[in-house]
Amino acid sequence: LEIAAAMRIVWTQIADARLHLLGAAEPRHHAYANALLDAVGSELERRIFLHGGAFDAPHQLEQFDLALVIGQHQGCPNAVLEAMAAGLPVVANDSGGTRELVIDGRTGVLLADPDPGTIAAGLLRLMTDAPLSQRLVAAGREHVARRFSMRAMRAAYRRLLAR
């Protein structure tokens, strides 16, 4: 719901912006999914596109300009890691372990809250500042490779087990 409202704000400045939602709603979130469909309204398949379960999402990312990851009680969201590794600038809300991945202004845009105005401001910041987006892409890729790659994880486990 917040994302649909945020896009309405974005469209006041960038009318041809598109939102592609990858992933399916879990059964426990059925009511939210229905409310989202209501909020999307006539924008469905016009400026907002629902792709459902996207098991090949990492391979689809290269066709997009940025990634928006909004969630609650997130651990270390794979969606953020995948987007950064794919070379997308990331806008995400500060929930759970997201702040370990998205360091505001360094590896992405970290939102203080999931308010539609806050989300829209984060999106517009990247959509209107190409040099910032490119800096975040480079730093995000490097951050993922250094801290979250399989090589980094293997080395961390070895250090842990050696103790």
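Peer 1: Please set out the overall build of the chain residue by residue, giving values where relevant.
Peer 2: Of the regular secondary structure elements, the chain holds 8 helices and 5 strands. Its helices and strands in sequence order give the chain the pattern α-β-α-β-α-β-α-β-α-β-α-α-α, from N to C terminus. In summary, the chain has a C-alpha radius of gyration of 16 Å against a globular reference of 15 Å for 163 residues, a match within 12%. For the C-alpha atoms alone, the extent of the chain along its principal axes is close to 55 × 40 × 30 Å. A total of 163 residues make up the chain; the buried ones form 37% of that total. When contacts within the chain are restricted to residue pairs at least 6 apart in sequence, those whose partners lie at least 24 apart make up 58%. Working note: accessible area of the chain is about 9700 Å², and carbon and sulfur atoms make up 54% of it.

Peer 1: Please set out the pattern of salt bridges residue by residue, giving values where relevant.
Peer 2: All told, the structure shown has 6 salt bridges when counted by the stated rule. Measuring nitrogen to oxygen at the nearest pair gives 3.6 Å for the salt bridge that ties aspartate 104 to arginine 125. On the criterion of sequence distance, the pair formed by aspartate 104 in the loop between helix H5 (98-101) and strand S5 (109-111) and arginine 125 in helix H6 (residues 116-127) is long-range, its members being 21 residues apart. Take arginine 125: its relative accessible area is 34%, and that puts it in the partly exposed class.

Peer 1: Residue-level account of a nonpolar patch on the surface, with values.
Peer 2: Residues Met150, Met153, Tyr157, Leu160 and Leu161 make up a contiguous nonpolar surface patch of roughly 580 Å² in combined accessible area. With respect to the element layout, leucine 160 can be found in helix H8 (residues 150-162). Overall, leucine 160 belongs to the partly exposed group, its relative accessible area being 47%.

Cut-offs used in this document
Each chain has its residues counted from 1, running along the sequence as written. Confidence filtering applies because this is a predicted model: local features only for residues at pLDDT of at least 70, side-chain atom pairs given and counted only at 80 or more, and all residues used for totals across whole chains, interfaces and linings. No hydrogens and no water enter the side-chain calculation; it runs on all heavy atoms of the structure. Each helix is a run of H or I in the DSSP string that is no shorter than four residues. Each strand is a run of E no shorter than two, and both are numbered from the N terminus. Here the radius of gyration uses the C-alpha set of atoms, whereas the globule reference equals 2.2 Å times the residue count to the power 0.38. For every residue, the accessible area (1.4 Å probe, protein chains only) is compared with the maximum for its type, and the residue is labelled buried under 20%, exposed over 50%, or partly exposed between those bounds. Between two residues, a contact is recorded if the distance between any of their heavy atoms is within 4.5 Å. Reported accessibility uses the Shrake-Rupley method at a 1.4 Å probe radius. Residues are deemed covered only where the shown protein chains occlude them. The term salt bridge refers to a pairing of a side-chain nitrogen on Lys or Arg with a carboxyl oxygen on Asp or Glu at a separation within 4 Å. Patch definition: residues above 30% relative accessible area lacking any salt bridge, with like charges linked at up to 9 Å and the nonpolar side chains Val, Leu, Ile, Met, Phe, Trp and Tyr linked at up to 5 Å.

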